[in-house]
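Descriptive analysis of the structure
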Amino acid sequence: MGMLRSPSSRWIGWLAVLIVGLFLVACSSDEPPQAQPAPQSMAEQTERQQAGDEARVAGEAEEEAETAGQQEAVAEQQRQAEAVAAQAEQAEQQQIQDQASERAAAEQQAEAQTQAEQQAVAPQAQSAQATARTLEGVRGVVDPSNSGWPRQVEGLNGIVSIPAKPMRIITASVGHDEMTLALVPNDRLVAVGSATKNATYSNVAALVQDKPEISRDPEVIIAQSPDVVVTSPFFPVEAIDALQRVGIVVVQTELIQSPEARINSILLMGYIFGEEERASEFADEVEARYEALISVTSVKSPQPRVLALTQYSDTLWVAGGNSTEGGVIIAAGGVNAAEVPGIQGNQTTSLEGVIAMAPEIIIIAQPIEFGAEEFRQSLLNNEALAEVPAIRDGAVHVVESKHFTTLSYWNIRGAEDLARLLWPDDFPDPPSESFSLAE
């Protein structure tokens with residue numbers, strides 16, 4: 001029978017087992033027992049976990065701050081780039097505005113200059129229109145306020161009444177024919193003299209070849225049934241009386257070739273024909289062409305001495321002051337050599353007279369058909385004239401006589417021709433061949 005064990009012996013057994021177990025656990029560690037960390041309390045673990053969490057949060061915040069800083073830097077760069085772009089755009093817009101302002105200023109200046117030029121021309125045009133409209137100051141118009149019919153004019157043959165607008169016109173004068181064709185349609189000039197049909201003397205010969213030819217015989221003129229005869233100071237007084245006796249209106253007008261008288265003749269004839277508006281327009285044309293010429297020639301210096309010299313039937317003629325050729329010389333920028341010693345009009349002279357006048361240029365306003373070229377050669381070959389400047393230099397010229405001797409505005413063309421001869425550098429191009437015609 002086995003031995004029974006007491007409670008104390010059992011407790012001692014359990015204690016021995018516990019000691020042995022602790023010994024085995026200690027022996028299984030890599031470090032000595034004293035090196036093992038003491039077991040952590042729950043509070044310590046919790047504190048350490050909180051610290052880790054705080055560190056993570058701080059790291060995340062720092063990372064977020066860093067990211068935010070980078071984003072802010074990028075945003076700042078973007079703002080700066082946008083500011084630079086805005087400044088560039090603003091500068092470009094300002095440049096565009098400045099250019100637009102400059103263009104506008106230039107356009108305004110050009111417009112102002114145009115307006116100034118128009119304003120400078122306007123008074124002259126308005127003055128010419130006013131003259132045609134009111135006819136104030138036009139010699140020969142009796143009542144400038146009367147634009148109706150009948151109307152009166154004062155000619156060299158007295159005051160004449162014109163009952164109605166003339167539709168059939170005769171002048172029996174080359175100069176008057178030239179002016180008439182500038183003021184009325186061609187068919188209203190119903191007949192002309194032989195000289196007007198002759199291109200040697202007439203600047204409108206090509207326009208009148210089909211018209212009936214008349215003389216100064218009153219019966220020949222009466223046969224054409226004219227409404228009015230406007231003629232020159234050279235028309236015979238007895239012929240005027242004969243025409244008036246049969247009821248034909250005759251106006252004998254002056255033919256003075258000063259610039260002012262030339263315009264007056266155009267305006268007066270326009271009034272006689274009932275063509276005031278056309279006369280005003282044509283007066284502007286003639287005056288503008290003359291002014292364009294003398295704007296150059298009047299300031300030239302020194303001006304050469306020019307002599308208008310012709311020969312008919314072995315007689316020498318010169319054109320002095322108040323002659324048509326003399327007016328042409330002055331308009332062209334020359335000094336009339338015949339006017340200097342006091343010669344007036346067209347007068348005869350001698351070789352000694354030519355030597356005394358000492359012209360630098362001689363013009364021969366004589367038709368070729370009447371020996372102009374032969375006369376030129378005789379002057380150049382004349383030993384008595386060898387020391388005359390024009391002869392010595394060979395400056396002797398045959399010119400178109402109908403431009404220099406006509407008693408109409410066509411003598412402006414003569415002045416333009418002579419100006420080209422005197423001042424070739426200032427007038428390199430030939431002048432206009434003609435003037436305008438009435439439609």
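Scroll up a little and you will see the structure.
Scope of this entry: the structure provided in the associated data block. Quick caveat: nothing in here was measured; it's all calculated off a predicted structure.

**Focus: a nonpolar patch on the surface**
Taken together, the side chains of Tyr201, Tyr312, Trp317 and Phe370 define a hydrophobic patch exposed on the protein surface, amounting to about 390 Å² of accessible area. Take Tyr312: it is sitting in strand β8 (residues 305-312).

**Examining the packing of aromatic side chains**
Taken as a whole and assessed by the stated rule, the structure comprises 5 aromatic pairs. Seen from their ring centres, Tyr409 and Phe435 are 4.9 Å apart, and the 80° between their planes marks the pair as edge-to-face. Note that Tyr409 is positioned in the loop between α13 (401-404) and α14 (411-422) and Phe435 in the segment after α14, a separation of 26 residues in sequence. Side by side, Tyr409 and Phe435 carry an identical accessibility label, which is buried. Every member of this aromatic cluster is reached through a ring pair, and the members are Phe282, Tyr409, Trp410 and Phe435. Positioned over the ring face of Trp149 is Arg151, at 3.8 Å from the centre of the ring. Sitting over the face of the ring of Tyr290, Arg262 holds its NZ or CZ atom 5.5 Å from the ring centroid.

**Considering the packing of helix α8 (residues 276-297) against α14**
Close contact between α8 and α14 brings their axes to 10 Å; oriented N to C, the two are set at 25°. Between α8 and α14, the interaxial angle falls into the category roughly parallel. The hand of the α8/α14 crossing is left-handed. The segment α8 lies against α14, with Val286, Arg289, Tyr290, Leu293 and Thr297 engaging Ile412, Arg413, Ala415, Glu416 and Ala419.

Parameters and conventions
- Residues numbered from 1 in each chain as written.
- Predicted model: local features only at pLDDT ≥ 70, side-chain atom pairs only at ≥ 80, totals over all residues.
- Heavy atoms only, no water.
- Patch = residues over 30% accessible without salt bridge, like charges linked within 9 Å, V, L, I, M, F, W, Y side chains within 5 Å.
- Areas by Shrake-Rupley, 256 points an atom, 1.4 Å probe, with all protein chains shown as cover.
- Salt bridge = Lys/Arg side-chain N within 4 Å of Asp/Glu carboxyl O.
- Helix = DSSP H or I, 4+ residues; strand = E, 2+ residues; numbered from the N terminus.
- Phe/Tyr/Trp six-rings, centres within 6.5 Å; stacked < 30°, edge-to-face > 60°.
- Buried < 20%, exposed > 50% of the residue type's maximum accessible area, 1.4 Å probe, protein only.
- Lys NZ or Arg CZ within 6 Å of the ring centre and 35° of its normal.
- Axes fitted to C-alpha atoms, helices over the stretch in contact; angles between N-to-C directions.
- Parallel < 35°, antiparallel > 145°, perpendicular 65-115°, else oblique.
- Left-handed = near helix turned anticlockwise from the far one by under 90°.
- Contact = heavy atoms within 4.5 Å.

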